[in-house]
Amino acid sequence: MRVIRLHIPAAAEHLEIVRLSLYGVATKLGFSYEDIEDMKVAVSEACNNAILHANSGDGSGHIDISYELSDDALRVKVKDNGTGYEASNESRQTAPFTGTTPSELTTGGLGIYLMEALMDEVLIDTTDGTEVTLVKYVHSKNHGMTE
């Protein structure tokens, strides 16, 4: 398995680096344009959550991103060393949508649902900070990373 790692400050202005590197890696693995766009949204959501939890108020937080490449899948891990949160409670206890206008809708925990909808697997570990693992399988037979 090949691994590519990024270590970025926990700030929104650095997310474009993550999206661009994801695009390059996913393209080389043979993912479709639609799959890459789905992955970019899911990874951006995971990074946004990491930014919220990585900073300890002084702006010194960071995010570690790794792309783990295999012949049949891309695993993207987004990790922060912040306080973490109980993702399973947040995602599983989100109430159905209520309200008649967008401003009346509650959105807590919807990022987890979005990641689950766009990726083949989503794993969350809050043991030491928060690590979100997003997995997308290559569905095409004509793929492979050139070296």
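Here the structure is a predicted model, which means the values were calculated and not measured. (Residues numbered from 1 in each chain as written. Predicted model: local features only at pLDDT ≥ 70, side-chain atom pairs only at ≥ 80, totals over all residues. Heavy atoms only, no water.)

Digging into the overall build of the chain
Here comes step 1: The secondary structure content of the chain amounts to 4 helices and 5 strands.
Here comes step 2: Each helix and strand of the chain, placed in order from N terminus to C terminus, yields the pattern β-α-α-β-β-α-α-β-β.
Here comes step 3: Within the chain, buried positions represent 39% of all 147 residues.
Here comes step 4: Taking all contacts inside the chain whose residues are at least 6 apart in sequence as the whole, residues at least 24 apart take part in 64%. (Helix = DSSP H or I, 4+ residues; strand = E, 2+ residues; numbered from the N terminus. Buried < 20%, exposed > 50% of the residue type's maximum accessible area, 1.4 Å probe, protein only. Contact = heavy atoms within 4.5 Å.)

Section: the pattern of salt bridges
Here comes step 1: Inspection of every chain in the model, using the stated rule, returns 4 salt bridges.
Here comes step 2: A salt bridge links Lys136 to Asp35; its shortest N-O distance comes to 3.9 Å. With Lys136 in strand β5 (residues 130-137) and Asp35 in helix α2 (residues 33-54), this residue pair connects regions lying 101 residues apart in the sequence. Per residue, the accessibility class of Lys136 equals that of Asp35, and both read buried.
Here comes step 3: With a shortest N-O distance of 3.2 Å, Lys40 and Glu37 are connected by a salt bridge. On the criterion of helical spacing, the pair formed by Lys40 and Glu37 is a turn pair, its members being 3 residues apart in helix α2. (Salt bridge = Lys/Arg side-chain N within 4 Å of Asp/Glu carboxyl O.)

Thoughts on the nonpolar core
Here comes step 1: Of all hydrophobic cores here, the largest spans 34 residues; its most connected members are Ile65, Tyr67, Leu74 and Leu134.
Here comes step 2: For this core, the secondary-structure elements that each account for two or more residues are β1 (2-9), α1 (15-28), α2, β2 (62-69), β3 (73-80), α4 (110-118) and β5.
Here comes step 3: Contact partners of Leu134, with chain neighbours within four places excluded, come to Ala42, Val43, Ala46, Leu74, Arg75, Val76, Met115, Met119, Glu121 and Val122. (Core = buried A, V, L, I, M, F, W, Y, C linked by side-chain atoms within 4.5 Å.)

Topic: the confidence of the model for the chain
Here comes step 1: For the chain, per-residue confidence averages 81 on the pLDDT scale, and 72% of positions sit at 70 or higher.
Here comes step 2: Segment residues 88-108: pLDDT under 50, and 18 contacts once partners within four positions in sequence are set aside and those in other chains are kept.
Here comes step 3: A low-confidence stretch, residues 141-147 stays under pLDDT 50, and its non-local contacts, those more than four residues away or across chains, total 13 contacts. (pLDDT = per-residue confidence, 0-100.)

With respect to the sheet that holds β3
Here comes step 1: With respect to topology, 5 strands assemble into an open sheet ordered β1-β2-β3-β5-β4, the strand pairing being antiparallel. A strand with exactly one partner marks an edge of an open sheet, and here the two such strands are β1 and β4 (121-125). Shown here is a sheet whose adjacent strand axes are inclined to one another by a mean of 15°, direction ignored.
Here comes step 2: In the sheet, β2 pairs with β3 via 7 bridges, with the strands oriented antiparallel. When the sheet's bridge partners are listed, Ile63 is paired in β3 with Asp80.
Here comes step 3: On the sheet, α1 packs against β1, β2 and β3 and is oriented at approximately 5° with respect to β2. (Pairing = 2+ DSSP bridges. Axes fitted to C-alpha atoms, helices over the stretch in contact; angles between N-to-C directions.)

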